[in-house]
Amino acid sequence: MASSTAQPRAERDTQAGGVAGRLLDSAAKLSYDPVTEVNWETPLDKDFHGASPEWSTLYGTSYWDELSEAQRKELTRQEAASVASTGIWFEMILQQLILRDIYAKDPTDDTVQWALTEIADECRHSIMFARGAEKLGAPAYRPRRLAVELGRAFKTLAFGEAAYAAILVAEEVLDVMQRDWMRDERVVPFVRTINNIHVVEESRHMKFAREETRQHLAKAGRVRRHLHAFVIAVAAYVIVTSMVNESVYANAGLDPERALAEARGNEHHKAMMRSSCAGLMEFLASARLLTKPALAFYRRAHLI
């Protein structure tokens, strides 16, 4: 059951607030508390996957065919935990981007209040992902050092459409795969609950990110648009290539060198990523953010 975190806003606020006001009303009516919504007490049932098998980086490879069902399930649990850990990393970046954007703005404005609501959501999500990864029996996966340092620079320097479009990229990629996982009865129930919570609440975040991207681009000239198109694409590449940590294979009891080699050449997984990003690429194209340099990075990340 969803739990209301606030009373619905007054009708006058909704009318004045536009998208942000409507999102605030939606959050008041449908938000979740992972502490009470997720079954944290029941021991992990290893008869379940951690994610839909079709989303595994090895699904469709000869190595996958050789694995036992127990090995496949352990691999998807480690991969799901890695995706969750990457989500925490980017949510921390996201929170800082939004806080910088609303710093010193009118706190009575609906847009600022929605931004603070989104940050509160992301705080709960990060804790939820951390507890979920731990329950899956995985270590605290971290992105590569280069990705961490690039993220540090991005959260400090990015602004406007570069910040909000990058937020959208991370959320859209996760959204499609998590919609599959939350409906899949092969996936362990508590992970399905986590994914459902994230999908519901992130749908509001994505709407806000799209709106903010459009508004910022309306004021952007050609040079700024091209520069930010490139920055967004690089951010997308770093995020997507950081989702599954290379150490998941060893932690799942597999041969890491062979697993990594087959994962890198896995055409099935590349096709899954491309299909998951069709809507995102359509939006970026409509915003004229798919420049030639940007497209090169989206292709390298198998997003297009």
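Residues numbered from 1 in each chain as written. Predicted model: local features only at pLDDT ≥ 70, side-chain atom pairs only at ≥ 80, totals over all residues. Heavy atoms only, no water.

1. Points about the overall build of the chain
A count of helices and strands for the chain gives 14 helices and zero strands. Sequence-ordered secondary structure for the chain, helices as α and strands as β, is α-α-α-α-α-α-α-α-α-α-α-α-α-α. The C-alpha atoms of the chain give 19 Å as radius of gyration, which agrees with the globular expectation for 304 residues (19 Å, within 12%). Expressed as lengths along the three principal axes of its C-alpha atoms, the size of the chain is roughly 60 × 45 × 30 Å. Looking at the chain as a whole, 54% of its 304 residues qualify as buried. For the chain, restricting intrachain contacts to residue pairs at least 6 apart in sequence, the fraction spanning at least 24 positions comes to 82%. Accessible area of the chain: about 14,000 Å², with a carbon and sulfur share of 56%. Charged side chains in the chain number 38 positive and 41 negative. The centres of these two groups are separated by 6 Å. (Helix = DSSP H or I, 4+ residues; strand = E, 2+ residues; numbered from the N terminus. Rg over C-alpha atoms; globule rule 2.2 N^0.38 Å. Buried < 20%, exposed > 50% of the residue type's maximum accessible area, 1.4 Å probe, protein only. Contact = heavy atoms within 4.5 Å. Areas by Shrake-Rupley, 256 points an atom, 1.4 Å probe, with all protein chains shown as cover. Lys, Arg positive; Asp, Glu negative; His and termini not counted. Charge placed at Lys NZ, Arg CZ, Asp CG, Glu CD.)

2. Topic: helix H5 (residues 110-135)
For H5, which comprises 26 residues, the first-to-last C-alpha distance of 37 Å matches the rise-based estimate of 38 Å (1.5 Å per residue) to within 8%. Near the N-terminus of H5, the side chain that reaches the backbone nitrogen of Thr111, with its oxygen 2.8 Å away, is that of Asp109. Positioned one or two residues after H5, Gly137 has a phi angle of 80°, which is positive. (Expected span 1.5 Å × (residues − 1). Polar contact = N/O pair within 3.5 Å; in protein donor to acceptor, adjacent residues only side chain to side chain.)

3. Things to note about empty space enclosed by the protein
Following the criterion strictly, the structure yields two cavities of 30 Å³ or more and no others. Taken as a whole, the largest cavity spans an internal volume of roughly 140 Å³. In terms of lining, the largest cavity is formed by 15 residues, of which the most central are Gly87, Phe90, Ala170, Glu171 and Leu174. Among the secondary structure elements, those contributing two or more residues to the lining of the largest cavity are helix H4 (69-102), helix H7 (160-183) and helix H8 (189-217). (1 Å grid on protein atoms, 1.4 Å probe; cavity = no way out; pocket = protein on both sides within 12 Å on 5 of 7 lines; lining within 4 Å. Points joined across faces, edges and corners; volume = space filled by probe spheres on them.)

4. Regarding the layout of surface pockets
In this structure, the largest pocket encloses a volume near 760 Å³. What lines the largest pocket is a set of 33 residues, among which Thr57, Val240, Thr241, Val244 and His269 lie closest to the centre. Listed by contribution, the elements that provide at least two residues to the lining of the largest pocket are H4, H7, helix H9 (222-241), helix H11 (256-264) and helix H12 (267-276). A total of four residues in the lining of the largest pocket trace back to one element, the largest contributor, which is H4. When residues of the lining of the second largest pocket are traced back to their parent elements, those giving at least two are H4, H5 and helix H6 (145-157). Examining the composition of the lining of the second largest pocket, we find that six residues originate from one element, H4, more than from any other. Among the residues making up the lining of the second largest pocket, the classes are represented as 12 nonpolar, three polar and four charged. (Nonpolar A, V, L, I, M, F, W, Y, C, P; charged D, E, K, R; others polar.)

5. Things to note about the pattern of salt bridges
Taken as a whole and judged by the stated rule, the model has 17 salt bridges. Across the salt bridge formed by Arg258 and Glu262, the nearest N and O atoms sit 2.8 Å from each other. On the criterion of helical spacing, the pair formed by Arg258 and Glu262 is a turn pair, its members being four residues apart in helix H11. In this structure Glu262 comes out as buried when scored by relative accessible area, which is 18%. Taken together, the shared-partner salt bridges connect Glu54, Asp184 and Arg186 into one network. (Salt bridge = Lys/Arg side-chain N within 4 Å of Asp/Glu carboxyl O.)

6. Here we look at the confidence of the model for the chain
Chain-level statistics for the chain give a pLDDT mean of 93 and a share of 94% at 70 or above. For residues 1-7, every residue scores under 50 in pLDDT, and the model assigns this stretch 16 contacts once sequence neighbours within four places are set aside. Confidence drops under pLDDT 50 across residues 9-16; counting only partners more than four residues distant or on other chains, this segment forms 11 contacts. (pLDDT = per-residue confidence, 0-100.)

7. A few points about the packing of aromatic side chains
Taken as a whole and judged by the stated rule, the model has six aromatic pairs. For the pair Trp40 and Phe190, a centre-to-centre distance of 6.5 Å together with 50° between the ring planes defines the contact as tilted. Here Trp40 is found in the loop between helix H2 (34-37) and helix H3 (62-66), whereas its partner Phe190 is found in helix H8, with 150 residues between them in sequence. Judged by its relative accessible area of 12%, Trp40 falls in the buried class. Judged by relative accessible area, Phe190 falls into the buried class, the value being 5%. Site record: aromatic cluster; members linked through ring pairs are Trp114, Tyr164 and Phe208. A cation over an aromatic ring shows up here: Lys135 above the ring of Phe190, its NZ or CZ 5.2 Å from the ring centre. For the cation-ring pair, Arg258 lies above Tyr63, with the distance from its terminal atom to the ring centre recorded as 4.3 Å. (Phe/Tyr/Trp six-rings, centres within 6.5 Å; stacked < 30°, edge-to-face > 60°. Lys NZ or Arg CZ within 6 Å of the ring centre and 35° of its normal.)

8. Examining the nonpolar core
In this structure, Leu58, Leu75, Met177, Tyr249, Tyr298 and Leu303 are the most contacted members of the largest nonpolar core, which totals 95 residues. Not counting residues up to four positions away in its chain, the partners in contact with Leu75 are Ser56, Leu58, Trp64, Leu67, Val248, Tyr249, Ala252 and Leu254. (Core = buried A, V, L, I, M, F, W, Y, C linked by side-chain atoms within 4.5 Å.)

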